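So the chains spell out like this:
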Amino acid sequence: MDKVLRPKVTPMHKWHMEQGANLALFGGYEMPLWYPSGVKREHLTVLTNAGIFDTSHMAVVVLEGSGSQDLLQLCFTRDLNACVGKDKKPISPGKCVYGLFLDNRGFVIDDAIVYQLSATLHMIVVNAGMGETIATHLRDRSEGLDVTIRDLTDKLGKMDIQGPLSAKIMAKILKNPEVVFDGMPYFTFKGYFDDSSVLSEAVLLSDGTPVMLSRTGYTGEFGFEIFLNLKDTERVWAMILEAGEAFGIIPCGLAARDSLRVGAVLPLSHQDIGPWPFINNPWEFALSLRDDKKGFTKKFIGWESLEKKKSFEYIYPFAGFNLRKISAGDVSSVIDSSGKTIGKVLTCATDMGIDRVRDRIYSIASPDRPKEFNPRGLSCGFVKTTEQLNYGDTVELRDGKRSISVLITDDIRPDRTARIAIKNML
């Protein structure tokens, strides 16, 4: 008799059930899609206050040894010697960078954030269920290098606090918030591992709990990702909710996380990026392209296939004219102005915090939004086409039953807060 595989759960699973969360399978884990508060409230609260997300399903891989950066230079799309800031400085301890792992065809295995803890120690955060895949991919290419590769899947807790009031909430539970927040711009972090893969005391909460605090997230809004020892997860979750009660914090599920990331033009791995060449898309900044974009600053797995640019498919963001959306995937089609079918829809979601006023999209958080602005929400997402389009083109999306008109655009939700300095959010 075949063994029945039960879904994995995070340390917060019991809490989610007690709160009446709507649960579903995602990446092999049973995760909350939304709570009784509902997706719309969760989405809007992240834009105006703060929300907390259980992200312990994300996988962590650690590389240690003098060859760890050399291995990443071979396997990771970003050039770690030229990837930080507008002047492309080398990565250094306390800095992290977004990029991808590709196969020899230039197809996406997974996207990831690489954290440099020291010159010989790197942490990689990949998507749920991808820890073993990425660890194996790295091991298979590590011959001759001094590097130890450890898959820490399910050995760390993780949660994200996202929204403009996140810093004020974290300041209430950090032991030394002024010290921690000093010199912590976007895509930096504080905290590290000791030799036994347990978080050390670089960043302490008020009760002495060690955490790793990162100025990153998957919503496009100001906030933090928090890594911590597994045993501390539920207690720290409760601390954040208590500290944030006066600031209107609420728990948020994966549905709000998805609608927020789409409005922020962030891809979902294995859906918006996947088994096709990683070119002709809004995220080519994740490649180690030269300034003239006619080649790469280093050789990495997949670079030759990308340089040949044999792909004639293009990915574009879009925004609709109302909140109506359609089903994505193979049931969908993209129709150009001449009536020709030119592709399919990869993602179609509703960003409930935005709306059009005349020809412009505003966010509920836009400082110059019209008086009494009350967004209904707009459909938005990504299409993959066989024809090159221009920003400003209108196309029709169909799923067999429904049809909507949308505008091809280079951005969706305006006035996002992710990059704002901490001092301006306190």
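Residues numbered from 1 in each chain as written. Predicted model: local features only at pLDDT ≥ 70, side-chain atom pairs only at ≥ 80, totals over all residues. Heavy atoms only, no water.

## With respect to the overall build of the protein chain
Here is step 1: Helix and strand content of the protein chain: 9 helices and 22 strands.
Here is step 2: The C-alpha radius of gyration computed for the protein chain amounts to 21 Å, which stays within 12% of the reference 22 Å derived for 426 residues, consistent with globular compactness.
Here is step 3: In terms of principal-axis extent, the alpha carbons of the protein chain reach across some 60 × 60 × 55 Å.
Here is step 4: Classification of the 426 residues of the protein chain by burial places 58% in the buried group.
Here is step 5: Counted over contacts in the protein chain with a minimum sequence separation of 6, partners at least 24 positions apart contribute 68%.
Here is step 6: A total accessible area of about 18900 Å² is found for the protein chain, and carbon and sulfur atoms account for 49% of it.
Here is step 7: With 52 positive and 53 negative side-chain charges, the protein chain shows a separation of 3 Å between the mean positions of the two kinds. (Helix = DSSP H or I, 4+ residues; strand = E, 2+ residues; numbered from the N terminus. Rg over C-alpha atoms; globule rule 2.2 N^0.38 Å. Buried < 20%, exposed > 50% of the residue type's maximum accessible area, 1.4 Å probe, protein only. Contact = heavy atoms within 4.5 Å. Areas by Shrake-Rupley, 256 points an atom, 1.4 Å probe, with all protein chains shown as cover. Lys, Arg positive; Asp, Glu negative; His and termini not counted. Charge placed at Lys NZ, Arg CZ, Asp CG, Glu CD.)

## Considerations on the environment of G353
Here is step 1: Along the chain, the position of G353 falls in the loop between β17 (341-351) and β18 (354-357).
Here is step 2: On the basis of relative accessible area, G353 is assigned to the buried category, the value being 0%.
Here is step 3: Counting along the chain gives 21 residues from G353 to N374, while the straight-line C-alpha distance between them is 8.6 Å.
Here is step 4: Filtering out sequence-adjacent residues up to four positions away, G353 remains in contact with H43, L44, L47, Y362, S363, I364, F373 and P375.

## Remarks on the packing of aromatic side chains
Here is step 1: Summed over all chains, the structure comprises 13 aromatic pairs.
Here is step 2: Relative to W237, the ring of W15 has its centre 5.4 Å away and its plane inclined at 70 degrees; by these criteria the two rings are edge-to-face. With a gap of 222 residues between them, W15 in helix α1 (residues 13-18) and W237 in helix α7 (residues 233-244) connect regions that are remote in the sequence. There is no split in this pair, since W15 and W237 are both buried.
Here is step 3: Judged by centre distance (6.2 Å) and plane angle (40 degrees), the rings of Y98 and F285 are tilted. Here Y98, found in strand β5 (residues 96-102), pairs with F285, found in the loop between α8 (254-263) and α9 (303-308); they are 187 residues apart in sequence, far enough to count as distant. (Phe/Tyr/Trp six-rings, centres within 6.5 Å; stacked < 30°, edge-to-face > 60°.)

## A few points about helix α3 (residues 68-75)
Here is step 1: Counting buried positions over the 8 residues of α3 gives 6, a clear majority of the element.
Here is step 2: S68, Q69, L71, L72, Q73 and C75 are the residues of α3 that are buried.
Here is step 3: Buried residues in α3 make contact with β4 (59-64), β5, β6 (108-118), β7 (121-126), α4 (131-139) and β8 (148-151).

## Some details on the packing of helix α5 (residues 166-173) against α7
Here is step 1: In the contact formed by α5 and α7, the axes pass within 9 Å of each other and the chain directions differ by 115 degrees. The chirality of how α5 crosses α7 is right-handed. For the pair α5 and α7, the contacting residues are I169, M170, K172 and I173 in the first and M239, I240, A243 and G244 in the second.
Here is step 2: Along the lines of polarity and charge, the residues of the contact of α5 with α7 split into 6 nonpolar, 1 polar and 1 charged. (Axes fitted to C-alpha atoms, helices over the stretch in contact; angles between N-to-C directions. Left-handed = near helix turned anticlockwise from the far one by under 90°. Nonpolar A, V, L, I, M, F, W, Y, C, P; charged D, E, K, R; others polar.)

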